[in-house]
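Spelled out, the chains give:
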Amino acid sequence: MSAQKKSLKTKKTAKPKVAAKPPVKPYSTFDAQGFSATIAGLGEEIRELYLADEVPWIIGYSGGKDSTAVLQLIWNAVAELPVDQRKKEIHVISTDTMVENPVVSTWVERSHSSMRDLAEEIEMPFSPRILRPATDESFWVNLIGRGYPAPRHKFRWCTERLKIKPSNRYISGVVTQNGEAILCLGVRKSESSARAKVMERNRRYRVRDNLSPSATLAGCLIYSPVEDWTNDDIWYYLNREKNPWGVTNKDLLGMYAGASADGECPLVVDTSTPSCGSSRFGCWVCTLVEKDKSMTAMIQNDAEKDWMMPLLELRNALDFRQNTTKDEGGSDHHLRDFRRMTGAVQVMTTGKPIPGPYTQSSREQWLRKLLEAQTYIREEGPENVRGLQLITLDELREIRRMWVVDKHELEDTLPGIYKEVTGEEYPGESLDDDMVLGAAEMSELKELCGEDRLHYELSRELLSTTRQQQSSARRSGLYQQLEKSFKKHFFDDEADAVKRANQVADERREREEKAEELSFSIEASAEGEEQI
């Protein structure tokens, strides 16, 4: 075949080129009316709702982008009203779990301070408040004091105590005082399909325009002015509109950028460009996630954030998945008591004990690590974090009380640990002499009990119980307490306790099987009689 024929054949079989599709413009809530008209319309809507009644407003402000956008929209809208119409109080509440990422908590505190000062100066009805959990419900009191293991999906004890209760108590107080409240939130449908479904369901039960009833808070109506906004809409608005209470949104953007893996927030031009702001800030101790990506990114992206390294190391130590030892891979069972919090011994189907709270030595070790991190940051960190408080004196007092009074740990080791780590005397008050024994007495008790740890714990608890009863006007329940102590410690050792628990479990299974067989026999007999 000639070269000319080959060329003709090639031309006949060549496929036509397909023109590249133009990039799809991402959806924006500003598409329909434009940015300015949309914001103006929202401002008018906010003012109408604000003036419609005397029901107080509560804005949930986390310091993140969504809640900042909502607060900024409401602030700007109300600012356009005459001073004599700005009478209805607007509560701005932030929940500080006391284990928040320090960078974020510092940002929130600065925002609250600026808000408070400016609101007083220009007569705005905003009342900023930072809410915190009660001392006996704080993270460290539960983990180091009570011995609760680090939170996990099957035992998520933190959210209710640290976040939900403080805000619900405050909101319920406002509702009780006023009969009703409007809760303004930065929730958006585009956050997740689950969130969209919940918002759509609540929308169907609206009794007033733009206000949905709360499914969990009686007397509360939910107003979500940015519910249809996208992530990019939020950032576009925050970059276009100046923050009205004196902080800069550029700092907020930088905070998010520093917490993303690549350290930057790209200009979004199409759907293939990743958006800034997907970073999630939360508690620096959180073990519900496999890795604290935001804190890790902050340290990697900014050399000035090296001071946060002890926090990340402590968080990773708390994470039971980080344990890679051969016998206890992926668990923290070796740090926990073989008895439950009540003293009962329960076993899994495998025959192994279900672990209980952290042991005394583990709790003491967590306290050391926490104080070491705090001491390092105060000594080596930049000037603005030298006063950082990872654990408060009130928390230390409550942990000490729990150890000595509730757990009968008469050694009273907390003041010594504090001095050992910080080099300073423990600043708390002395405990009642009736509650503790001297170091010499405890050393002698240990020597008498030898290697028998359970015998030592029983003797210590009996001494503690009787000493507490001596200082009490009423001694009711003494025998019950003593009986409980014996039941918790009468075993020879852990192996003996687990063996007994397995025997009890086997006996229970046998009884259940016999009961099931008897029930089956009775049913079969009844069916036979019916056939006759």
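Residues numbered from 1 in each chain as written. Predicted model: local features only at pLDDT ≥ 70, side-chain atom pairs only at ≥ 80, totals over all residues. Heavy atoms only, no water.

Turning next to the overall build of the chain. A tally of helices and strands in the chain yields 18 helices and six strands. Residue burial in the chain is summarised as follows: out of 532 residues, 45% are buried. Put simply, of all contacts in the chain between residues at least 6 apart along the chain, 69% involve residues at least 24 apart. When the accessible area of the chain is evaluated, it comes to approximately 29800 Å², of which 50% is carbon and sulfur surface. (Helix = DSSP H or I, 4+ residues; strand = E, 2+ residues; numbered from the N terminus. Buried < 20%, exposed > 50% of the residue type's maximum accessible area, 1.4 Å probe, protein only. Contact = heavy atoms within 4.5 Å. Areas by Shrake-Rupley, 256 points an atom, 1.4 Å probe, with all protein chains shown as cover.)

What follows is about the environment of I74. With respect to the element layout, I74 can be found in helix α3 (residues 65-79). Judged by its relative accessible area of 0%, I74 falls in the buried class. Between the C-alpha atoms of I74 and I46, which are 28 residues apart in sequence, the distance is 6.6 Å. Sequence-distant contacts of I74, that is, excluding residues within four places in its chain, are made with I46, W57, I59, I90, F126 and C184.

Time to look at a negative patch on the surface. A grouping of E507, E510, E512, E513, E516 and E517 is seen on the molecular surface, where their side chains present a negatively charged patch. Mapped onto the elements, E512 comes out in helix α18 (residues 494-531). In this structure E512 comes out as partly exposed when scored by relative accessible area, which is 47%. (Patch = residues over 30% accessible without salt bridge, like charges linked within 9 Å, V, L, I, M, F, W, Y side chains within 5 Å. Salt bridge = Lys/Arg side-chain N within 4 Å of Asp/Glu carboxyl O. Lys, Arg positive; Asp, Glu negative; His and termini not counted. Charge placed at Lys NZ, Arg CZ, Asp CG, Glu CD.)

What follows is about the packing of aromatic side chains. The tally for this structure, following the rule as stated, stands at 20 aromatic pairs. Between F139 and W140, the aromatic rings sit 4.9 Å apart at their centres with planes inclined by 85°, giving edge-to-face as the arrangement. Ring pairs connect the aromatic residues F139, W140, Y148, F155, W157 and W284, which therefore count as one cluster. Residue placement shows K88 over the ring face of Y50; its charged tip is 5.0 Å from the ring centre. Here the basic side chain of R321 rests over the ring of F320, its NZ or CZ set 5.2 Å away from the ring centre. (Phe/Tyr/Trp six-rings, centres within 6.5 Å; stacked < 30°, edge-to-face > 60°. Lys NZ or Arg CZ within 6 Å of the ring centre and 35° of its normal.)

Side-chain alternation along strand β4 (residues 181-184) places A181 and L183 on one buried face and I182 and C184 on a second face that is also buried. In the sheet, strand β1 (residues 57-60) pairs with β4 via three bridges, with the strands oriented parallel. Among the inter-strand pairings, I59 is bridged to a residue of β4, identified as C184. As paired elements, β4 and strand β6 (residues 220-223) share four bridges and run parallel to each other. Within the sheet, the bridge partner assigned to A181 lies in β6 and is C220. (Pairing = 2+ DSSP bridges.)

With that out of the way, let us pick up the pattern of salt bridges. By the definition in use, this model includes 32 salt bridges. Between R47 and E80 there is a salt bridge whose closest N-O contact spans 3.3 Å. Here E80 lies in the loop between α3 and β2 (90-95) and R47 lies in helix α2 (residues 35-51), a separation of 33 residues in the sequence. The exposure class assigned to R47 is buried, which follows from its relative accessible area of 13%. A salt bridge links D496 to R500; its shortest N-O distance comes to 3.1 Å. With a gap of four residues between them, D496 and R500 both fall in helix α18, about one helical turn apart. Classification of D496 as buried rests on a relative accessible area of 14%. Each member of the salt-bridge network shares a partner with another, and the members are D337, R339, R453 and E457.

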